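# Fold and geometry: a report
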Amino acid sequence: MREAFPLFVQDAFNGRENLLIAAEDFDRIDDIDFKRMRFWLQPYKRIKVLVTYRRLHDWLPSWYNQNVEHYSVIYAKGELRYPSFVE
């Protein structure tokens, strides 16, 4: 991803295309390298930031389904420890 994303941004910019970046983990402010992101987005002069709030009762089923899927593929094999809800 670290190698592919800058190329993707550059191709989009060269093609005069808009770029949409969506991630549920932008709330993890300490884990995001904003200097690197700013560098990647440097060609773009106009940037709009949209923030949405996902209500807990909408988010919980998604979280549960992701964990069940990972459980059947990864956790059941013992490759990772199954996370608790409070982690």
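As a starting point, this report considers the structure included with it. None of the values given here were measured: they were computed from a predicted structure. (Residues numbered from 1 in each chain as written. Predicted model: local features only at pLDDT ≥ 70, side-chain atom pairs only at ≥ 80, totals over all residues. Heavy atoms only, no water.)

### A word on the overall build of the protein
Assigned secondary structure in the protein consists of 3 helices and 0 strands. Evaluated residue by residue, the protein yields a buried proportion of 11% over its 87 residues. A separation threshold of at least 6 residues defines the contact pool for the protein, and within that pool the share at least 24 residues apart is 44%. Summing over all exposed atoms, the protein offers an accessible surface of approximately 8400 Å²; the carbon and sulfur share of this is 55%. (Helix = DSSP H or I, 4+ residues; strand = E, 2+ residues; numbered from the N terminus. Buried < 20%, exposed > 50% of the residue type's maximum accessible area, 1.4 Å probe, protein only. Contact = heavy atoms within 4.5 Å. Areas by Shrake-Rupley, 256 points an atom, 1.4 Å probe, with all protein chains shown as cover.)

### A few points about the packing of aromatic side chains
Taken as a whole, this structure holds 3 aromatic pairs when the rule is applied. Note on F5 and W40: the rings are 4.8 Å apart at their centroids and 65° apart in plane angle, and the pair reads as edge-to-face. You can see F5 sitting in helix α1 (residues 4–14) and its partner W40 sitting in helix α2 (residues 34–40), a full 35 residues away along the chain. (Phe/Tyr/Trp six-rings, centres within 6.5 Å; stacked < 30°, edge-to-face > 60°.)

### A closer look at the nonpolar core
Core analysis: the largest hydrophobic core is formed by 8 residues, namely F5, V9, A12, I32, M37, W40, L41 and Y44. Sorting the residues of this core by element identifies α1 and α2 as the ones contributing at least two each. Sort the elements by how many residues they give to this core and α1 lands first, with 3 residues. Among all residues touching W40, those that are not within four sequence positions of it are R2, F5, P6 and V9. (Core = buried A, V, L, I, M, F, W, Y, C linked by side-chain atoms within 4.5 Å.)

### A word on unusual backbone geometry
Working note: non-glycine residues mostly have negative phi, and peptide bonds are mostly trans. Notably, R16 is not glycine yet its phi reads approximately 55°, a positive angle. Within the secondary structure layout, R16 lies in the loop between α1 and α2. The exposure class assigned to R16 is exposed, which follows from its relative accessible area of 80%.

### Brief notes about a nonpolar patch on the surface
On the surface, a cluster of nonpolar side chains totalling about 350 Å² of accessible area is made up of I47, V49 and V51. Take V49: it is sitting in the loop between α2 and α3 (56–75). Judged by relative accessible area, which is 68%, V49 ranks as exposed. (Patch = residues over 30% accessible without salt bridge, like charges linked within 9 Å, V, L, I, M, F, W, Y side chains within 5 Å. Salt bridge = Lys/Arg side-chain N within 4 Å of Asp/Glu carboxyl O.)

### Brief notes about α1
All buried positions along α1 are accounted for by F5, V9 and A12. Down the axis of α1, the sector holding all buried residues measures 65°, keeping them to one side. Facing away from the buried side of α1 by more than 90 degrees, the exposed set consists of L7, D11 and N14. Packing partners of the buried residues in α1 comprise α2. Where α1 ends, the next residue or the one after it, R16, has phi of about 55°, a positive value. (Arc of directions from axis to C-beta.)

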